Number of protein chains: 2
Amino acid sequence: MTQNIYDDDDFFEGYARLGRSVEGLQGAAEWPALRSLLPEMQGLKVVDLGCGFGWFCRWARHAGAAQVLGFDLSEKMLARAHEMTSDDAIVYARADLEHLTLQPQSCDLVYSSLAFHYLEGLERLMGEVTQALRPGGRIVFSVEHPIYTAPSAPGWVVDAAGHKTWPVDGYLAEGPRSTDWLAKGVIKQHRTIATYINMLVGLGFAISHVEEWGPSDAQIAALPSLAEERERPAFLLVAAHMNLETEKRLRP
Amino acid sequence: MTQNIYDDDDFFEGYARLGRSVEGLQGAAEWPALRSLLPEMQGLKVVDLGCGFGWFCRWARHAGAAQVLGFDLSEKMLARAHEMTSDDAIVYARADLEHLTLQPQSCDLVYSSLAFHYLEGLERLMGEVTQALRPGGRIVFSVEHPIYTAPSAPGWVVDAAGHKTWPVDGYLAEGPRSTDWLAKGVIKQHRTIATYINMLVGLGFAISHVEEWGPSDAQIAALPSLAEERERPAFLLVAAHMNLETEKRLRP
């Protein structure tokens, strides 16, 4: 079972105070970029893996999705999601994504924001996603960028002149990283960009777009501290769709 | 015109002494990985962009390619390539890849090793490649890895305990980088992984494989200094093929 850090009291309290928790999608600087990778939502059946407070689920319905299924491991987050939702076409369910199964050909879009880097068994889950997508199906997700997750000592190094660099090591050594973010000993799984891409290609997806996210000039003007994200990206966004050969093979 | 650094006396002399110059492909640690991305060569028409001493061109013919066309900007390298080649099916030509045009539907495989990061106009060249490939055509190339090219001060930082990290900054600031490697002021173009991938996708390629290259255990046992390449990769390898929709559009 994945470490359920979001139900840790200290972590949850810290997380619940972040911009992205209080303001929802508008509080997540990478959301405009992630949204631009999404298809027209009208009529789609959508699955959100790691739905948290349900901000995306509610946005998806507002944008026209026919049905949204949000999964999360955290009871606290799901409780908050329930409180904020009154829409029978949004269903929240508690699930460990390491063991989740999805109904065959049950959805058109699988979405996930900053959840996959917690999973050891991502390839198993991606296999579930593959068989759950209907013809023309897509996956759009974000994870922490490998440059961000790789280091043994993640954190800016500032030289005598005040210049900041990000100390990369262990980039090709995939596996767990323990960091102190909101709580001590948060475990994430470091993977390279190549691993994410080759996993999707191997499962029969075609890569539509990859983004190593950085803030726009307007975002930096509004929040100057964001500028450091251009020095080393913290988020990786990926969009992929079933390729024709895969669809023929899976659904002859 | 691209900086013709390979015809600089100091640079050329240094380059000509590298393992990959003296021993050819066997002297390039990433070659086994790059080779594994190549298709069966029998009967193929092949273009090598930045062919240098022609090691790959000769390998391709040996592996069964019907014809190989190698382009390079360096007169010195091409002279050496000519000296080492006696095969009418291999043609070397001097060309600035910034301005190269390729005959429509003239080849099955475009290959390039560590050349594209010198080019400002890579997207123009990739457009040429797209129209030059025949149905089923592929491109396989390596470039310096963006983590390697990004820093304003590329070079290991060693702490008091002897631990090495690679100081990343400017990762999302694409454009020229001047470094001192074999000669002073060698100009390379830094691009992100996303840019390489999205450029290919935008031109109608499907990504087959991405590799952020690192040495095998056997390679490190044979040459321990290679171990640092696992800390931050120096090479990015990419293989892509024309997708079906592109082929239908270009060649209805």
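Residues numbered from 1 in each chain as written. Chains lettered and ligands numbered in written order. Predicted model: local features only at pLDDT ≥ 70, side-chain atom pairs only at ≥ 80, totals over all residues. Heavy atoms only, no water.

Asks: Would you take a moment to explain the interface of chain B and chain A for this structure?
Replies: One frequent convention defines the size of an interface as the accessible area lost when the parts assemble. Opposite the 34 residues of chain B that make contact, chain A presents 34 residues. Interface area, chain B with chain A, both sides summed: about 2,500 Å², of which 59% is carbon and sulfur. The three residues of chain B that bury the most area against chain A are B:V168, B:L172 and B:E212, which together make up 22% of that side's buried surface. Our enumeration of links across chain B and chain A arrives at 0 salt bridges. (Contact = heavy atoms within 4.5 Å. Buried area = accessible area lost by both parts, 1.4 Å probe. Salt bridge = Lys/Arg side-chain N within 4 Å of Asp/Glu carboxyl O.)

Asks: I tried to follow the pattern of salt bridges on my own but got confused; where do I start?
Replies: Two side chains that carry opposite charge are able to pair once their charged atoms sit near each other. Residues and elements named next belong to chain A. Counting across every chain of the model gives 22 salt bridges over all chains. For E13, the salt bridge is made with R17, and the minimal N-O distance between the two is 3.8 Å. With a relative accessible area of 61%, R17 lands in the exposed category. Between D87 and R61 there is a salt bridge, with the nearest N and O atoms lying 2.8 Å from each other. Taken together, the residues D87 in the loop between α5 (75-83) and β3 (90-94) and R61 in helix α4 (residues 55-62) connect sequence positions 26 residues apart. (Buried < 20%, exposed > 50% of the residue type's maximum accessible area, 1.4 Å probe, protein only. Helix = DSSP H or I, 4+ residues; strand = E, 2+ residues; numbered from the N terminus.)

Asks: I tried to follow helix α4 (residues 55-62) of chain B on my own but got confused; where do I start?
Replies: Residues and elements named next belong to chain B. Within the sequence span of α4, burial applies to F56, C57, R58 and A60. Its buried side turned inward, α4 meets α3 (31-35), β1 (45-49), β2 (67-72), α5 (75-83), β3 (90-94) and β4 (107-113). Positive phi appears at G64, one or two residues downstream of α4, with a value of about 110 degrees.

Asks: I tried to follow the sheet that holds strand β4 (residues 107-113) of chain A on my own but got confused; where do I start?
Replies: Either a parallel or an antiparallel arrangement is found when strands of a sheet pair, and the pairing is made through backbone hydrogen bonds. Residue and element names in this part refer to chain A. Strand order in this open sheet of 7 strands is β3-β2-β1-β4-β5-β11-β10, and the pairing throughout is mixed. Looking at which strands have only one partner, the edges of the open sheet turn out to be β3 and β10 (205-212). Strand after strand, the sheet turns through a mean of 15 degrees between neighbouring axes, direction not considered. Pairing of strand β5 (residues 133-144) with strand β11 (residues 235-242) involves 7 bridges; the strand directions are antiparallel. If you follow V143 over to β11, its bridge partner there is L236. In the packing of α5 onto the sheet, contacts are made with β2 (67-72) and β3, and the angle to β3 comes to roughly 165 degrees. (Pairing = 2+ DSSP bridges. Axes fitted to C-alpha atoms, helices over the stretch in contact; angles between N-to-C directions.)

Asks: Please clarify how helix α8 (residues 193-202) of chain A should be interpreted in this entry.
Replies: The α-helix advances 3.6 residues per turn, and as a result positions three or four apart in sequence lie on the same side. Residues and elements named next belong to chain A. The buried fraction of α8 amounts to 7 of the 10 residues, a majority that puts the element mostly inside the structure. I193, A194, Y196, I197, M199, L200 and V201 are the residues of α8 that are buried. Of the residues flanking the end of α8, it is G204, one or two places downstream, whose phi is positive at about 100 degrees.

Remember, this is a structural readout, not a statement about activity or role.
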